[in-house]
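Close look at the chain arrangement
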Amino acid sequence: MVPALSRKLRVLADAAKYDASCASSSAPRRTSRTDGLGSTGGSGICHAYTPDGRCVSLLKILLTNWCLYDCVYCVNRRSSNVERARFTVEEVVDLTLNFYKRNYIEGLFLSSGIVKNADHTMEQMVRVAKTLREVHGFRGYIHLKTIPEASPFLIEEAGLYADRLSINIELPQRESLKTLAPEKDDATIRGAMGRMKERIVEAKAERKTTRTARRFSPAGQSTQMIVGADAATDTDVLRTSTALYSGYALRRVYYSAFSPIPDSSRLLPLKPPPLQRENRLYQADWLLRFYGFDVDEIAAGATAGMLDLEVDPKLAWALKHRERFPVDVNRADRELLLRVPGLGVKAVDKILVARRHRRLALDDVARLAGSVKRARAFLVASDHTPGALLDRLDLRAALVQRPAEQLTLF
């Protein structure tokens, strides 16, 4: 690789590390056994693990880290004194193809700072995807981070070549966006997300009536918000996420913990939030989408709007609602079983199938769920009742997993 291109790759790959919304779940399955180069699976691109244990990855870069905007939380803001670089369309295409042929990647995640104007930048990103698809027959995964201010025509074209599109909501509260990114407009962002949702729904309907209809962002749209840059609580964040899921049919909301940047504004906190906060938000997000919880229930397990950092949100809720337990594993409906700490969706579904054939003992539940360490205090099985265990004052302390001490190297 020539030194100039190597420098660009170093700068723009590092600049892209703050983008979290790059998983590929629900991308259509493709195979290079037919025409074209590359393939996609159903989940897990960008250094994620698929259900069968494979680790797959993508080339994750910015087209450029030059930007017209001066968002105070962004390391690539206009006033930032960072090293700048800019790829050409041809360079991104060549890198993607060469990395794929070397088996380094399975797809491309492309974002960008804004240069000249939104339309110019979006046009360059669309050209990358279009060239890969139409000129080189690339069938791997492509995710484009779109620009809400760009022309709807360009967003439409992007959706014809990308598996997934995303638009960053940026921050959980409108007021924070006005303060920290005054050049961006919440109404414009949400308007673009709304139009994208309508186009995705329309394309799916067209595919049902005619199989020759073109796909439009078949893996849907996602968004990302920065956590810890403003005063929003976890409850505020989750309320925003709930509104986004219901209003725009998002595949995912990604949470990115704020990271202090050089020469930052006095409006920003001096320290990043605990990394565990980001993890708890993802767990709470999972409860909202797959476990039947609502924001108020999750907030009931929080303190002053902040999720408990020592225990996961479901266990925090259960500890504050002990009157709802114990749950009979042989009789309770699916909704109740999903409330039991330590039982995931797959484990509950296995339990529902297994109990049709026999009454389940605690060991049966352990085999189906992998462990009953947290669940045993909240479950009744054919050979087990928690008795006074559920009422113990030290139950929380007994269930909190303390981090193991790390041995020194010397």
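Residues numbered from 1 in each chain as written. Predicted model: local features only at pLDDT ≥ 70, side-chain atom pairs only at ≥ 80, totals over all residues. Heavy atoms only, no water.

1. Examining the overall build of the protein
Within the protein, the secondary structure is distributed over 14 helices and ten strands. Restricting the contact set of the protein to residue pairs at least 6 apart, pairs at least 24 apart contribute 66%. (Helix = DSSP H or I, 4+ residues; strand = E, 2+ residues; numbered from the N terminus. Contact = heavy atoms within 4.5 Å.)

2. Focus: the sheet that holds strand S7 (residues 221-227)
Two strands in a sheet stick together by hydrogen bonds in their backbones, pointing the same way (parallel) or opposite ways (antiparallel). Spatially, the six strands line up as an open sheet ordered S3-S4-S5-S6-S7-S8, and their pairing is parallel. A strand with exactly one partner marks an edge of an open sheet, and here the two such strands are strand S3 (59-62) and strand S8 (252-257). In this sheet, neighbouring strand axes are inclined to one another by 20 degrees on average, regardless of whether the strands run parallel or antiparallel. With two bridges joining them, strand S6 (residues 164-166) and S7 adopt parallel strand pairing. Looking at S7, one finds that Ser-166 is bridged to Ser-222. (Pairing = 2+ DSSP bridges. Axes fitted to C-alpha atoms, helices over the stretch in contact; angles between N-to-C directions.)

3. What to know about the pairing of strand S4 (residues 107-111)
Taken across its five residues, S4 has five buried, putting it largely inside the fold. Of the two faces of S4, the one carrying Gly-107, Phe-109 and Ser-111 and the one carrying Leu-108 and Leu-110 are both buried. The pairing of S3 with S4 spans four bridges and is parallel. Across the sheet, Leu-62 pairs through a bridge with Ser-111, a residue of S4. Handedness of the crossover joining S3 and S4 through helix H2 (residues 89-101) is recorded here as right-handed. Regarding topology, helix H3 (residues 118-135) serves as the crossover connection from S4 to the parallel strand S5 (residues 141-145), and that connection is right-handed. (Buried < 20%, exposed > 50% of the residue type's maximum accessible area, 1.4 Å probe, protein only. Right-handed = clockwise from strand over helix to strand, strands pointing away.)

4. Overview of helix H6 (residues 186-209)
The terminal C-alpha atoms of H6 lie 35 Å apart, and with 24 residues this matches the ideal 34 Å at 1.5 Å per residue to within 8%. Those residues of H6 that sit buried are Asp-186, Ile-189, Arg-190, Ala-192, Met-193, Gly-194, Met-196, Arg-199, Ile-200, Ala-203 and Arg-207. Buried residues along H6 sit against helix H4 (152-161), S6, helix H5 (174-180), S7 and helix H7 (234-248). (Expected span 1.5 Å × (residues − 1).)

5. Some thoughts on the pattern of salt bridges
This structure, assessed with the given rule, holds 25 salt bridges. Linking Asp-14 and Lys-17 is a salt bridge whose minimum nitrogen-to-oxygen distance equals 3.2 Å. Judged by its relative accessible area of 45%, Asp-14 is partly exposed. A relative accessible area of 49% places Lys-17 in the partly exposed class. Among the salt bridges present, the one from Asp-70 reaches Arg-78, with a minimum N-O distance of 4.0 Å. (Salt bridge = Lys/Arg side-chain N within 4 Å of Asp/Glu carboxyl O.)

6. Regarding H4
Note: α-helices contain 3.6 residues per turn, so residues at a spacing of three or four share the same orientation. Taken together, the buried positions of H4 are Leu-154, Ile-155, Glu-157, Ala-158, Gly-159 and Tyr-161. Along its buried surface, H4 packs onto H3, S5, S6 and H6.

7. Looking at the side chain of His-384
Tracing the chain through its elements places His-384 in the loop between strand S10 (379-380) and helix H14 (395-399). The buried category is assigned to His-384, whose relative accessible area is 11%. For His-384, the contacting residues outside a window of four places in its chain are Leu-362, Arg-376 and Leu-379.

8. Some words on the pairing of S8
Most of S8 sits out of view: six of its six residues are buried. In this region the chain leaves S7, passes through H7 and returns to the parallel neighbour S8; the handedness of that crossover is right-handed.

9. Points about the environment of Lys-350
Structurally, Lys-350 is set in helix H12 (residues 345-354). Separated by 15 residues in sequence, Lys-350 and Val-365 place their C-alpha atoms 9.2 Å apart.

10. Considering unusual backbone geometry
Here the bond from Phe-325 into Pro-326 is cis, since omega is 5 degrees, no more than 30 degrees from zero. Counting through the fold element by element, Pro-326 comes out in the loop between helix H10 (313-320) and strand S9 (327-328). Backbone geometry at Asn-103 places phi at a positive 65 degrees, although glycine is not the residue there. Along the chain, the position of Asn-103 falls in the loop between H2 and S4.

11. Looking at the nonpolar core
The biggest cluster of nonpolar side chains holds 114 residues, and the ones touching the most others in it are Tyr-73, Phe-87, Leu-110, Met-122 and Phe-378. In this structure Phe-87 touches Leu-5, Lys-8, Leu-9, Leu-12, Ile-61, Leu-62, Leu-63, Val-92 and Leu-95, once residues within four positions along its chain are discounted. (Core = buried A, V, L, I, M, F, W, Y, C linked by side-chain atoms within 4.5 Å.)

12. Regarding the confidence of the model for the protein
Predicted confidence across the protein gives a mean pLDDT of 88, with 88% of residues reaching 70 or more. Ignoring residues within four places in sequence, the model shows residues 406-410, a span with pLDDT below 50, making zero contacts including any to other chains. (pLDDT = per-residue confidence, 0-100.)

13. Some words on the packing of aromatic side chains
The geometry of two aromatic rings is summed up by the distance between their centres and the angle between their planes. In total, this model carries seven aromatic pairs according to the counting rule given. Seen from their ring centres, Phe-293 and Trp-317 are 5.4 Å apart, and the 85 degrees between their planes marks the pair as edge-to-face. Of the two residues, Phe-293 is situated in the loop between helix H8 (275-290) and helix H9 (295-300) and Trp-317 in helix H10; the sequence distance between them amounts to 24 residues. The burial state of Phe-293 is the same as that of Trp-317; both residues are buried. With a centroid separation of 6.0 Å and 80 degrees between ring planes, the pair formed by Trp-317 and Phe-325 is classed as edge-to-face. Following the ring pairs from residue to residue traces out a cluster consisting of Phe-293, Trp-317, Phe-325 and Phe-378. Directly above the aromatic system of Phe-109 lies the positively charged group of Lys-60, at a separation of 6.0 Å from the ring centroid. When the ring centre of Trp-66 is taken as reference, the NZ or CZ atom of Arg-84 above it lies at 5.5 Å. (Phe/Tyr/Trp six-rings, centres within 6.5 Å; stacked < 30°, edge-to-face > 60°. Lys NZ or Arg CZ within 6 Å of the ring centre and 35° of its normal.)

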